[in-house]
Amino acid sequence: MTEKQARLQGRLEPEIREFRDRAQTLVLATVDGEGNPNVSYAPFALREDGYYILISEIARHARNLLANPKVSLMMIEDEQDSRQLFARKRLTFDARPERVARDTSEWQAGIRALEARFGETVTGLSGLGDFHLFRLVPLKGLFVKGFGQAFAVSGDDLVDLLHLSEGHKPLAENA
């Protein structure tokens, strides 16, 4: 890691962690078996090995993850807290979804993490047969602070400056 990257990491990592830790839900982009997209959300708990969500197969996003294990996730600044709606702060990741088998130590750890954040609701839902626990393992991501402030983020929260090859371009005058 270069000195510049180390300074950037030291400055942005706490900001990214604080932003992520304030979020309680993930926006999920999934795709069904025919390639049809769906956007939804789910409450999550973060553990050292990924983001955990407990979702019902009645919901389209759960069926999509079971049929097509591809997902993109996003945490985004609340509209009312944003100074500029065109450049809301956000953290996005491409992730690998893994269904966690019931009656395993991973299941118990994931459910405990969700219960710690959301209480008895999780206890009740986890006892229903149509609910599945997924671990979403972040692969590569992007942290956007605002206009011209986009940073590549790895799955383990390492930050690098994202060099955009092209910027915004004005419309040509009466071409």
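Right above here is the structure, for reference.
Conventions used here
- Residues numbered from 1 in each chain as written.
- Predicted model: local features only at pLDDT ≥ 70, side-chain atom pairs only at ≥ 80, totals over all residues.
- Heavy atoms only, no water.
- Salt bridge = Lys/Arg side-chain N within 4 Å of Asp/Glu carboxyl O.
- Helix = DSSP H or I, 4+ residues; strand = E, 2+ residues; numbered from the N terminus.
- Buried < 20%, exposed > 50% of the residue type's maximum accessible area, 1.4 Å probe, protein only.
- Core = buried A, V, L, I, M, F, W, Y, C linked by side-chain atoms within 4.5 Å.
- Contact = heavy atoms within 4.5 Å.
- Phe/Tyr/Trp six-rings, centres within 6.5 Å; stacked < 30°, edge-to-face > 60°.
- Lys NZ or Arg CZ within 6 Å of the ring centre and 35° of its normal.
- 1 Å grid on protein atoms, 1.4 Å probe; cavity = no way out; pocket = protein on both sides within 12 Å on 5 of 7 lines; lining within 4 Å.
- Points joined across faces, edges and corners; volume = space filled by probe spheres on them.
- Nonpolar A, V, L, I, M, F, W, Y, C, P; charged D, E, K, R; others polar.

> Would you take a moment to explain the pattern of salt bridges for this structure?
Once their charged atoms are close, side chains differing in charge can pair, the charge on each being opposite to the other. Applying the stated criterion to the full structure yields twelve salt bridges. Notably, a salt bridge pairs glutamate 13 with arginine 17, separated by 2.6 Å at the nearest N-O pair. Taken together, the positions of glutamate 13 and arginine 17, both in helix 1 (residues 3-22) and four residues apart, correspond to about one turn of that helix. Since its relative accessible area comes to 34%, arginine 17 is described here as partly exposed. Members of the salt-bridge network, linked through shared partners, are Arg47, Glu48, Asp49, Arg96, Glu98, Glu106 and Arg135.

> In this structure, what is going on with the nonpolar core? I would like to understand it.
Soluble globular proteins tend to pack their nonpolar side chains together in the buried interior. The biggest cluster of nonpolar side chains holds 25 residues, and the ones touching the most others in it are Leu26, Ile53, Met75 and Leu136. Every element with two or more residues in this core is listed here: helix 1, strand 1 (25-31), strand 4 (50-56), helix 2 (60-67), strand 5 (71-76), strand 6 (90-100), strand 7 (131-146) and strand 8 (149-154). Per-element accounting of this core gives the leading share, four residues, to helix 1. Residues within four places of isoleucine 53 in sequence aside, it is in contact with Leu26, Leu28, Ala42, Pro43, Phe44, Leu65, Leu114, His132, Leu133, Phe134 and Leu136. Formed by eleven residues, the second largest nonpolar core is a distinct cluster that contains Ala45, Val100, Trp107 and Phe131.

> Even after reading the chapter, I still don't get the packing of aromatic side chains, so can you show me in this structure?
Aromatic ring pairs are reported here in terms of the distance separating the ring centres and the angle at which the planes meet. Across all of its chains, the model carries three aromatic pairs by this definition. Taken together, the ring pairs in this structure connect Phe44, Tyr51 and Phe93 into an aromatic cluster. Of note, arginine 117 hangs over the ring of phenylalanine 44, and the distance from its end group to the ring centre comes to 5.0 Å.

> When you look at the layout of surface pockets in this model, what are you seeing that I'm missing?
Over the atoms, a rolling probe the size of a water molecule traces out where space has been left empty. Quantified by volume, the largest pocket comes out at close to 290 Å³. Lining the largest pocket we find Phe19, Arg22, Ala23, Gln24, Thr25, Val27, Met74, Met75, Ile76, Glu77, Asp78 and Asp81. Among the elements of the structure, helix 1, strand 1 and strand 5 are those that each provide at least two residues to the lining of the largest pocket. Sorting elements by how many residues they give to the lining of the largest pocket places strand 5 first, with three residues. Among the residues making up the lining of the largest pocket, the classes are represented as six nonpolar, two polar and four charged.

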